[in-house]
Number of protein chains: 4
Amino acid sequence: MLKVSVIGATGYAGEELLKILIRHPQAEITNLVAKIERSCPINKIFPWMTTLLELECKNKIEVEDIAKTSDLIFLALPHRVSMEIAPTFLNLEKKVIDFSADYRLKDPIEYEKWYEVKHKSKEFLKDSVYGLCELKREEIKKTMLLANPGCYPTGIILPCAPFLKSGLVEPELIVDAKSGTSGAGRTVSINLLFSEVNENFKAYKVGTHQHTPEIVQELEEIYQDKIGLTFVPHLVPMSRGILSTIYLKLKKNISVFEAVDIARKFYPDEPFIRIKEADEFPQIKDVAYSNFCDIGIKVAGKWLVVVSVIDNLVKGAAGQAVQNMNIMCGFKETMALLK
Amino acid sequence: MLKVSVIGATGYAGEELLKILIRHPQAEITNLVAKIERSCPINKIFPWMTTLLELECKNKIEVEDIAKTSDLIFLALPHRVSMEIAPTFLNLEKKVIDFSADYRLKDPIEYEKWYEVKHKSKEFLKDSVYGLCELKREEIKKTMLLANPGCYPTGIILPCAPFLKSGLVEPELIVDAKSGTSGAGRTVSINLLFSEVNENFKAYKVGTHQHTPEIVQELEEIYQDKIGLTFVPHLVPMSRGILSTIYLKLKKNISVFEAVDIARKFYPDEPFIRIKEADEFPQIKDVAYSNFCDIGIKVAGKWLVVVSVIDNLVKGAAGQAVQNMNIMCGFKETMALLK
Amino acid sequence: MLKVSVIGATGYAGEELLKILIRHPQAEITNLVAKIERSCPINKIFPWMTTLLELECKNKIEVEDIAKTSDLIFLALPHRVSMEIAPTFLNLEKKVIDFSADYRLKDPIEYEKWYEVKHKSKEFLKDSVYGLCELKREEIKKTMLLANPGCYPTGIILPCAPFLKSGLVEPELIVDAKSGTSGAGRTVSINLLFSEVNENFKAYKVGTHQHTPEIVQELEEIYQDKIGLTFVPHLVPMSRGILSTIYLKLKKNISVFEAVDIARKFYPDEPFIRIKEADEFPQIKDVAYSNFCDIGIKVAGKWLVVVSVIDNLVKGAAGQAVQNMNIMCGFKETMALLK
Amino acid sequence: MLKVSVIGATGYAGEELLKILIRHPQAEITNLVAKIERSCPINKIFPWMTTLLELECKNKIEVEDIAKTSDLIFLALPHRVSMEIAPTFLNLEKKVIDFSADYRLKDPIEYEKWYEVKHKSKEFLKDSVYGLCELKREEIKKTMLLANPGCYPTGIILPCAPFLKSGLVEPELIVDAKSGTSGAGRTVSINLLFSEVNENFKAYKVGTHQHTPEIVQELEEIYQDKIGLTFVPHLVPMSRGILSTIYLKLKKNISVFEAVDIARKFYPDEPFIRIKEADEFPQIKDVAYSNFCDIGIKVAGKWLVVVSVIDNLVKGAAGQAVQNMNIMCGFKETMALLK
């Protein structure tokens, strides 16, 4: 049994991670930590866990103690905090899967520009792997430090990769993305109150969302050249899920069948990627509570319209993290994730 | 034109009050105050008011200044704060309509028990009128200090009054009430986040809700004796509305037609109370965004089941406040409230 | 492997059943039938099943063919239809788990009164077992015909049983229940449109809901005498879950701790029943997507207030059906249901 | 008083229209007709109208009778039905405001292509005016037959017009629109059930929505040349509102302030159009239940991102219809629409 600890257990991603780990046949949860007033049983915070997980959630991170009883540590912490804690675990030769952005951007200058803080862990940043499983499987197998991708980037990079790789589309993307509210985290804010979100819909951080450089970095690696990205996220009155509508300009005419074929050949045997038939589109409920990314494709004149859906807390966070754990630890990649 | 000021303009009740006052032909809004970081135009806070209300919202209560340009002041403030501010306005002979509980409970001991603070304005408490318009119209006409009823009490006292008065039911009520989330106010709390409320439903403050003594006080006045109340409020994943399901034990058998008749005779010409046909029940959407209280009645063996619905922000707060203003100031009672 | 077939696979209960059966290690789904225009792969109807279940859903019930490749048949059919189909399977010595009300009411006169149709399968009705697992485990083990309980009855009988059995409460219950919309099934009706249900809340079938006789039948069996029930169901703008607020009049004063103790001793080792601490209450999200029934208890003067929550599609339908299957077939009772 | 009749009174647009007409000081509702089983008082269908509108809703269209007691007839009917009824009213010299698409497309060939039926009223089609008030005010004043614009077109043409007119953007638009569910009408369909729409989000009719030719027709009239449009509508789990995110490619660099200035100069004194400050964006709640169209603008490199919001039932249907009525009949344009 792999001993795993979760630091940041009481956010939405942390909660979802526990849900998956509870049913994982090869993982044993050994430590829980969260920013709470006082330590208490985790099921006082999440009553649904009663009888399923009987474990104390601590309110302080005792790194040495945790390391002693852990093979792998999940950090579900805010940006800026992870890079202060991850190095100690890494120095003790423990595997780390980090949910924050701290180890995602390879260029610390970019990090500092978007997150407005100095990067404090540049030596480990070099060794970190951006954990988009379908694109980085071989590197993931070998890494000790896994930067788990952001939710929007997961839902956007996966469907764009085949087409940028194919050379058939202009390197200038318009991405109109729509997310449920759990993506904003379990933090208090007037803007996230039920009475504010319900019966409402809005664009936010238009052209300025911090996931932008992460998407660009990965897509440029695939395209092997500069790309342009206009990224407009929106907030949907639902709890979970991200749907991204992506507009790619075709360099030449292709049929929708060719387009579907390109995507299917790019992902020939992926257990969590499902390409729909031509002109069919996925919806959030097709992937809710699952680790799938479903993709629909249409050719509309000069434009390729690609729609992807993921559950932001599963494939966009905790599910992908466990998928990464499975790869890093030599388990079957789909373990605890398919059913 | 009546000059009115609103203190506490940025809560949900304050916002709804402005919506009604904007369309009131006899009222002119002269001052707005709210607990905000810095003074700013009200439509920076509520963009929907742009072009409809161009007024600065101050972040400090300058009582003297406000009094000079006001005939009537609405206090949409938290409990405990109102009783510190109302006396000054009253001493300057301004009319006050208070949304808080501070002047609702006639017995300061009860107030101190339920709100856990000493009552600081007992002299004015004696003169305040509990503003349930349909039951206190004559007193409302004459008062300078109006205690606007709570949302649950409005939806519960109105449908119970005819039956307690009739003497046909036992003085022991079971009230199972369900409220939308705006009733909890525009305050930050993890429990009120969209992701917590959505796809959820719960009972809360079972048997301990602070509206209990207010309901009991008014119903005992009607019944002219002690009554028992088991009151269980619930939170519904919707923004607005309260539906109360009330179980009253019949002392003797009556038909549903007799029961409907009792209610209709009790409220013969009320513009905002609508008693449904026997065995028909109202739903929230029948009264949403209106000042109506709709009531449905059924006899189920020994029990009388009464269902009432109101919009918690209108009849349960701002609408009733304006109805009270209309009565206090000699306007047509339905002004700005019917259409 | 147990070969199971699902007739009525495309309703909400049928869909949920497939979700559980897909992950059941001892069950193999062999036939799917539904009322659809033409036979098609099940994942054309439910795209989320793509790659998880590749099976044709037929639009006709070929009883003989199905029987040949089935050990157990789930009937997720409307009332009145089940009793026409179940007998053939039973005559072929196949186990049947029926989701409808057809085999729940032991008295066919009651059935005819509430469902307004003659009972056509009285011989099998005698042998059917009402499958409330926690109360009928021994009978369930031996039956070939399992009447899976209704969603409301499950959420109401389970929390009431300990107290009626104890003799401490009057045999006169007030049950104020609130259900999500999936309880109404996947059938077209103006009343179930999103725009009608959203931002709305209502009582319906007040005192006339067809689940009433089923609740009374089971509670009278426990109480061993007549009981009275006032049952008012409500529709909540959420997809899943039932919360029931139950008011029981105490015959004598007891403390809440005694009350909690009664419930816990009644259900000493039940894997799916969780009694909360005194004065703590469960909410829908504690049991959503799970087979748990969580129960909270409070003493309010002369009244015992009991709140229960279940997921109407899991413990209230498909989960309980699989729990029954596990019992009937000698599997571990929690198989496929706990994680 | 203007005598108005509403045919198709029980759909969502019809209901909203009655809500506005009830408060209109110059209109008197004289006839109601709807596709219902039998004639009944309108408040049997919409209980919220009780005491506000006491009128019989007929289930047959008696054209002659209606014409006798009407100055203006609103047709809130499905496409294809309007063109069979409108001519009779027009021949009797009654004004007609049609909510359907039947008189919107000037080219009957286009109509037949998108609506798959022959146009049966070509002579009147020539005289009809496309009633986008802000762009066609002078023609509206004079017409007897007003084609009320579709909801999506209203929210898209208004924000695009200034920029296409300016010549600063390429004539190739990407429009990613998101609508609440009332836009789909009050018709039964599995896809519109609460349990299907709630916690879901999807794109639909990608590139094939029937509002496409209407948007193109009006924008080409403004641009005075061919334009390209990629239009992808989405369904949001909310009842009301449309938010359109529009991507326009700039022919040359301009600042966001110049862009805002262009829009404001294009709409100098419009009572229902509000252009936000540079880089500020509107949300649905800013315009819910109002006749406003709010517009936000940002320059993102080579792209102009424009976000518009409307209430689909008000500015996108009934509100705009009354605005058109006001113009056609010489009333103040904002009558019954501002407060």
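Within every chain, residues take consecutive numbers counted from 1 along the sequence as written. Chains carry letters from A onward and ligands carry numbers from 1 onward, assigned in written order. Per-residue local features of the predicted model are confined to residues with pLDDT of at least 70, and side-chain atom pairs are confined, for both listing and counting, to 80 or more; whole-chain, interface and lining totals are unaffected and use all residues. Only hydrogens and water are set aside when side-chain values are computed; all heavy atoms of the structure are taken into account.

Caption draft 1: Representation of the pairing of strand β12 (residues 242–250) of chain C. All names here are of chain C. Partly exposed residues are those whose accessible area sits between 20% and 50% of the maximum for their type, while under 20% is buried and over 50% is exposed, using a 1.4 Å probe and protein chains only. Here a strand is any run of E in DSSP of at least two residues, a helix any run of H or I of at least four, and the numbering for each starts at the N terminus. With respect to burial, β12 is a largely interior element, eight of its nine residues being buried. Here, strands pair whenever DSSP counts at least two bridges between them. As judged from the eight bridges shared by strand β9 (residues 169–179) and β12, these two strands associate in the antiparallel manner. Residue I174 lies in a different strand from β12, and its bridge partner there is Y247. The pairing of β12 with strand β15 (residues 303–310) spans eight bridges and is antiparallel. Within β15, the residue paired with I242 across the bridge is I310.

Caption draft 2: Up close: the interface of chain A and chain B. Contacts between the two partners involve 18 residues from chain A, matched on the other side by 18 residues from chain B. The buried area of a pairing is the accessible area, by a 1.4 Å probe, that goes missing from both parts when the two are put together, added over both. Counting each side, the surface lost to burial between chain A and chain B is near 1600 Å², with a carbon and sulfur contribution of 59%. Considering only the surface of chain A that becomes buried against chain B, L193, F194 and S195 of chain A emerge as the three largest contributors, covering 37% of it. Salt-bridge detection follows one rule: a side-chain nitrogen of Lys or Arg within 4 Å of a carboxyl oxygen of Asp or Glu. There are two salt bridges connecting chain A and chain B. Among the salt bridges present, the one from E196 of chain B reaches R186 of chain A, with a minimum N-O distance of 3.0 Å. Of all the elements, helix α9 (residues 194–197) of chain A adds the most residues to the side of chain A that touches chain B, at four residues. For this analysis, residues touch if any pair of their heavy atoms sits within 4.5 Å.

Caption draft 3: Quick peek at the domain arrangement of chain A. Residues and elements named next belong to chain A. Each domain's extent was defined by an automatic or database domain assignment. Here chain A is described as being made up of domain 1 (2–149 + 316–329) and domain 2 (152–311). The straight-line distance from the C-alpha centre of domain 1 to that of domain 2 is 25 Å. Domain 1 puts 25 residues into the contact, and the matching count from domain 2 is 29 residues. At the boundary of domain 1 with domain 2, total buried surface from both sides reaches about 2100 Å², with 55% on carbon and sulfur atoms. Looking only at domain 1, the three residues that lose the most surface to domain 2 are Y12, W114 and E134, adding up to 27% of its buried area. Linking domain 1 with domain 2 are five salt bridges. Side-chain atoms alone can form a polar contact between residues adjacent in sequence; in general such a contact is a pair of N or O atoms within 3.5 Å, and within protein one must be able to donate a hydrogen while the other accepts it. On the surface where domain 1 and domain 2 come into contact, there are 13 residue pairs in polar contact (both at pLDDT 80 or more). Taken together, the elements giving at least two residues each to the side of domain 1 that touches domain 2 come down to α1 (12–22), α5 (108–115), α7 (133–142) and α12 (314–329).

Caption draft 4: A look at the sheet that holds strand β11 (residues 228–235) of chain A. Residues and elements named next belong to chain A. Pairing within the open sheet is mixed, and its seven strands lie in the order β10-β11-β9-β12-β15-β14-β13. Every other strand in the sheet has two partners, leaving β10 (202–203) and β13 (273–275) as the edge strands with one partner each. As paired elements, β13 and strand β14 (residues 293–300) share three bridges and run parallel to each other. Paired with I273 across the strands is C293, a residue of β14. Structural elements are reduced to axes, namely lines fitted to C-alpha atoms, with helices fitted over the stretch in contact, and the angle between N-to-C directions of any two is expressed from 0 to 180 degrees. Packed onto the sheet, helix α11 (residues 256–266) meets β13, β14 and β15 (303–310) and runs at close to 150° relative to β14.

Caption draft 5: Seen up close, the sheet that holds strand β14 (residues 293–300) of chain D. Residue and element names in this part refer to chain D. Spatially, β10-β11-β9-β12-β15-β14-β13 is the arrangement adopted by the seven strands of the open sheet, whose pairing is mixed. Both edges of this open sheet fall to β10 (202–203) and β13 (273–275), since each of them pairs with a single strand only. Pairing of β14 with strand β15 (residues 303–310) involves seven bridges; the strand directions are antiparallel. Note on β15: the bridge partner recorded for G296 is V307. Lying on the sheet, helix α8 (residues 151–166) is in contact with β9 (169–179), β11 (228–235), β12 (242–250), β13, β14 and β15; it crosses β9 at an angle near 150°.

Caption draft 6: Representation of the packing of α8 of chain D against helix α10 (residues 212–223) of chain D. Residue and element names in this part refer to chain D. Remark: α8 packs on α10, axes separated minimally by 9 Å, with the N-to-C direction vectors making an angle of 20°. When the axes of α8 and α10 are compared, the pair comes out roughly parallel. Handedness of the crossing formed by α8 with α10: right-handed. The segment α8 lies against α10, with P153, I156, I157, C160, A161, L164 and K165 engaging E214, I215, E218, L219, I222 and Y223. Tallied by class, residues from the contact of α8 with α10 come to 10 nonpolar, no polar and three charged. Here the word oblique covers every angle except those under 35 degrees (roughly parallel), over 145 (roughly antiparallel) and from 65 to 115 (roughly perpendicular). By convention the crossing between two helices is left-handed if the near helix lies anticlockwise of the far one by an angle smaller than a right angle, and right-handed if it lies clockwise. In this count, Pro and Cys sit with the nonpolar residues alongside Ala, Val, Leu, Ile, Met, Phe, Trp and Tyr, while Asp, Glu, Lys and Arg are called charged and the others, Gly among them, polar.

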